[in-house]
Amino acid sequence: PADGARNLNLDSIPMGLPMSDPTAWATAMNNLGMAPMGMTGQPLLPDFDPALGMMTGIPPINPMMPGLGIVPPPIPPDMPAVKEIIHCKSCTLFPPNPHLPPPATRERPPGCKTVFVGGLPENGTEQIIMEVFEQCGEVIAIRKSKKNFCHIRFAEEFMVDKALYLSGYRIRLGSSTDKKDTGRLHVDFAQARDDLYEWECKQRMLAREERHRRRLEEERFRPPSPPPVVHYSDHECSIIADKLKDDTKFLEAIQTLLTWIERGEVNRRTANNFYSMIQSANSHIRRLVNEKAAHEKEMEEAKEKFKLALSGILVQFEQIVAVYHSASKQKAWDHFTKAQRKNISVWCKQAEEIRNIHNDELMGIRREEEMEMSDEEIEDPPEMKETEESALVSQVEALKEENDSLRWQLDAYRNEVELLKQEQGKASRDEDTTKEQQMKLLQQALQGMQKHLLKLQEEYKKREAELEKVKEDKLKVESLLENLKEQESSTSRVCACSQEKECPAEKTLSNGLVKSEREVLLVGIISTFLHVHPFGASIEYICSYLQRLDSKICTAEVEVLMTRLQNTFRQELSGVGASLEKRWKFCGFDGLKMT
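Residues numbered from 1 in each chain as written. Predicted model: local features only at pLDDT ≥ 70, side-chain atom pairs only at ≥ 80, totals over all residues. Heavy atoms only, no water.

In the nomenclature of an unreviewed UniProt entry, the protein is known as ENOX2 protein of Ramphastos sulfuratus. We quote the UniProt Sequence similarities (unreviewed entry) comment for the protein here in full: "Belongs to the ENOX family." (UniProt positions renumbered as here; feature names shortened; annotations may be inferred.)

A. Representation of the packing of aromatic side chains within the structure. Under the defined criterion, the tally for this structure stands at eight aromatic pairs. Plain terms: the ring middles of tyrosine 232 and tryptophan 260 are 5.2 Å apart, the flat faces sit at 90° to each other, and that makes the pair edge-to-face. Of this pair, tyrosine 232 sits in the loop between α5 (193–221) and α6 (234–245) while tryptophan 260 sits in helix α7 (residues 250–263), and the two are 28 residues apart along the sequence. Tryptophan 260 shares its class with tyrosine 232; the two are buried. On the numbers, 5.3 Å between centres and 25° between planes, the contact of tyrosine 232 with phenylalanine 274 is stacked. In this pair, tyrosine 232 sits in the loop between α5 and α6 while phenylalanine 274 sits in helix α8 (residues 271–282), placing the two residues 42 residues apart along the sequence. Per residue, the accessibility class of tyrosine 232 equals that of phenylalanine 274, and both read buried. Taken together, the ring pairs in this structure connect Tyr232, Trp260 and Phe274 into an aromatic cluster. (Phe/Tyr/Trp six-rings, centres within 6.5 Å; stacked < 30°, edge-to-face > 60°. Helix = DSSP H or I, 4+ residues; strand = E, 2+ residues; numbered from the N terminus. Buried < 20%, exposed > 50% of the residue type's maximum accessible area, 1.4 Å probe, protein only.)

B. Examining a nonpolar patch on the surface more closely. Side chains of Ile261, Val266 and Ile278 sit close together on the surface and give an oily, nonpolar patch of about 230 Å² of accessible area. Tracing the sequence through the fold places isoleucine 278 in helix α8. (Patch = residues over 30% accessible without salt bridge, like charges linked within 9 Å, V, L, I, M, F, W, Y side chains within 5 Å. Areas by Shrake-Rupley, 256 points an atom, 1.4 Å probe, with all protein chains shown as cover. Salt bridge = Lys/Arg side-chain N within 4 Å of Asp/Glu carboxyl O.)

C. Geometry of a positive patch on the surface. Taken together, the side chains of Arg204, Arg208, Arg211 and Arg215 define a basic patch exposed on the protein surface. By the secondary structure assignment, arginine 204 is in helix α5. Under the relative-accessibility criterion, arginine 204 is labelled partly exposed at 41%. (Lys, Arg positive; Asp, Glu negative; His and termini not counted. Charge placed at Lys NZ, Arg CZ, Asp CG, Glu CD.)

D. Region of the structure containing α7. Helix length check: α7, at 14 residues, gives a terminal C-alpha distance of 20 Å against a target of 20 Å (1.5 Å per residue), a fit within 8%. When we look at burial in α7, the residues that qualify are Phe250, Ala253, Thr256, Leu257 and Trp260. Angular distribution of buried residues about the axis of α7 spans 130°; they occupy a single face of the element. Along α7, the residues that are exposed and aim more than 90 degrees away from the buried face are Leu251 and Glu262. (Expected span 1.5 Å × (residues − 1). Arc of directions from axis to C-beta.)

E. Representation of the sheet that holds strand β4 (residues 91–94) in the model. Taken in spatial order, the four strands make up an open sheet running β3-β4-β8-β9, and their pairing is antiparallel. Taken across any chain shown, the strands that pair with only one partner, and hence form the sheet edges, are β3 (86–87) and β9 (182–184). Pairing of β4 with strand β8 (residues 170–173) involves four bridges; the strand directions are antiparallel. Paired with leucine 93 across the two strands is isoleucine 171, which belongs to β8. (Pairing = 2+ DSSP bridges.)

F. Region of the structure containing empty space enclosed by the protein. Applying the stated rule across the entire model yields four cavities of 30 Å³ or more. The computed volume of the largest cavity comes to approximately 70 Å³. Taken together, Leu120, Pro121, Gly124, Ile128, Ile129, Val132, Phe133, Lys144, Ile171, Leu173 and Leu185 make up the lining of the largest cavity. With four residues, helix α3 (residues 126–133) is the single largest residue contributor to the lining of the largest cavity. A class-by-class count of the residues in the lining of the largest cavity yields nine nonpolar, one polar and one charged. (1 Å grid on protein atoms, 1.4 Å probe; cavity = no way out; pocket = protein on both sides within 12 Å on 5 of 7 lines; lining within 4 Å. Points joined across faces, edges and corners; volume = space filled by probe spheres on them. Nonpolar A, V, L, I, M, F, W, Y, C, P; charged D, E, K, R; others polar.)

G. Main features of helix α16 (residues 555–564). Where α16 is concerned, the buried positions are Val558, Leu561 and Met562. Taken around the axis of α16, the buried residues stretch over an arc of 95°, which confines them to a single face. Contacts made by the buried residues of α16 are with α14 (517–532), α15 (539–549), β11 (569–574) and β12 (581–586). (Contact = heavy atoms within 4.5 Å.)

H. Summary view of unusual backbone geometry. The phi angle at asparagine 148 is positive, at roughly 60°, despite the residue not being glycine. Position of asparagine 148 among the secondary structure elements: in the loop between β6 (139–144) and β7 (149–154).

I. Broad picture of the nonpolar core. Ranked by size, the top nonpolar core spans 32 residues in total, and within it Val117, Phe133, Ile152 and Phe154 carry the most contacts. Breaking this core down by element, the ones donating at least two residues are β4, β5 (114–118), α3, β6, β7, α4 (158–164), β8 and β10 (186–189). In this structure isoleucine 152 touches Lys113, Thr114, Val115, Val117, Ile129, Phe133, Val139, Ala141 and Ile142, once residues within four positions along its chain are discounted. Judged by nonpolar contacts, the second largest core, of 17 residues, contains Val523, Ile539, Leu561 and Phe569. (Core = buried A, V, L, I, M, F, W, Y, C linked by side-chain atoms within 4.5 Å.)

J. Spotlight on the environment of alanine 322. If you trace the backbone, alanine 322 turns up in helix α9 (residues 284–327). Looking at alanine 322, the relative accessible area reads 41%, which means it is partly exposed. Spatially, the C-alpha atom of alanine 322 lies 9.2 Å from that of cysteine 348, the residues being 26 residues apart in sequence.

K. Up close: the pattern of salt bridges. Scanning the entire structure with this criterion turns up 19 salt bridges. As a salt-bridge pair, arginine 287 and aspartate 247 come within 3.3 Å of each other at their nearest N and O atoms. With arginine 287 in helix α9 and aspartate 247 in the loop between α6 and α7, this residue pair connects regions lying 40 residues apart in the sequence. A relative accessible area of 44% means that aspartate 247 is categorised as partly exposed. Here arginine 564 and glutamate 519 are joined by a salt bridge, their closest N and O atoms 2.9 Å apart. With arginine 564 in helix α16 and glutamate 519 in helix α14, this pair connects stretches of sequence that are 45 residues apart. Bridged by salt links that share partners, the residues Lys113, Arg153, Asp195 and Glu198 form one connected network.

If you want it as structure tokens, here you go:
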């Protein structure tokens, strides 16, 4: 916007269109807020104010409009804008009726450089459009439509305001009166993506510059970080102890000591070192008190000097005022002119005011001294002081030291008493709060135990019902087992005779390997399980499967049974080193062939 405002002032490009009345073009440019310039570049109106961008007597432009912020204000009805005929090479522009309202325009888009031009003649060409609008500024592109309108894009935003001035003009090509050679121009703001993109790029650039400027300001005003404090060690402790004894390095050393103590570097091993450093810091108190006394003495001397200088200045002011008063007497007053008398009276008043101010300041200083003197005790005469000072110097110093030590001890005792009081108050409060908390916890525990007991009772009832069901199931299973045993005994008797005749050796072998019906069932289940696992399974995996069926089965029993039946189960080792694992495989089909 600032660039646009600068371009709209004296540096703007004049529109050198031929016209019938040179003052008309000046009036038009004044309505746009630009300096009226003629064909030769000379100013047409001497009363144009470049600071305001308008002639004197014209209302100021509104800087709050969107876009450039330099848009001509609405012209009051009592001051109609005077527009004249504009002659071009190929056409003529006739102004609209001045009594008609100004043509309506849409809201100006941000960064607008493109205008919509409607009402063009049907026979109008791009060359004629360029001839009319190139006087407003550099034209970048013209997009003409077949329906008597076009879009014109300018190089700068302020050129759009010049083009809007032509809105409402009637255009005629040459001297023809045909409808196809005439039209009424309507110029309005156009919303173009290129304008918006350039405006957004410019805004982003300005935002980046603003962020960079703020960052530089923050870095410039940022206080420097304090130097890091070294960690505690015996070597650093000795260095700090030496610095504490030096008056010039005392401030740096005392900050390091404070940081170490706050960090928690004090322990049983380093307590003596810290105590010696604290003692060295304590030795500087007397030095600081003496420095304060010296500075107070210097301040008193400076006050005395200031008071003497102020009294001397007041004396000189009194003499100057006396000179003015003597000059105002009739002997000398009659010889001065009227202007000289006026100057003398003014100077006399000024000198009296300054003298009174300094006099009040001196009186205030004296009043303060008198109040200080009234607060202090009446001192002895100076002669008695000189005789007694020589005898009491040593006693005074000793008393000061004792007084300082007693004061420090008293402060320490006070701090300890306050700490004890605070601890006792905290302990009593903590006891009350702990008792209340214990009561609440006990109540919560009792409630939880009651709920737990109720849950246990419900579970106990459920378990009893389950046990009864299990007993009933057990009785049914036992009855079924007895029936099965009877059937097996009958079948075994029938098969025994045939087996004794065919292979008596096998009978003795089988009777020795499998001892009970339970083992037979286990062998069948294990064989089925291992048949599904052709790569074998560990004894733990097999037992975990069997324990789902019967929890009483143990690993040793299964392993002994499988080792007895070598023709049915075979144990193999897989893996190397720490990953060595024993796996059992089913080999009943091979064992049947071998037997």
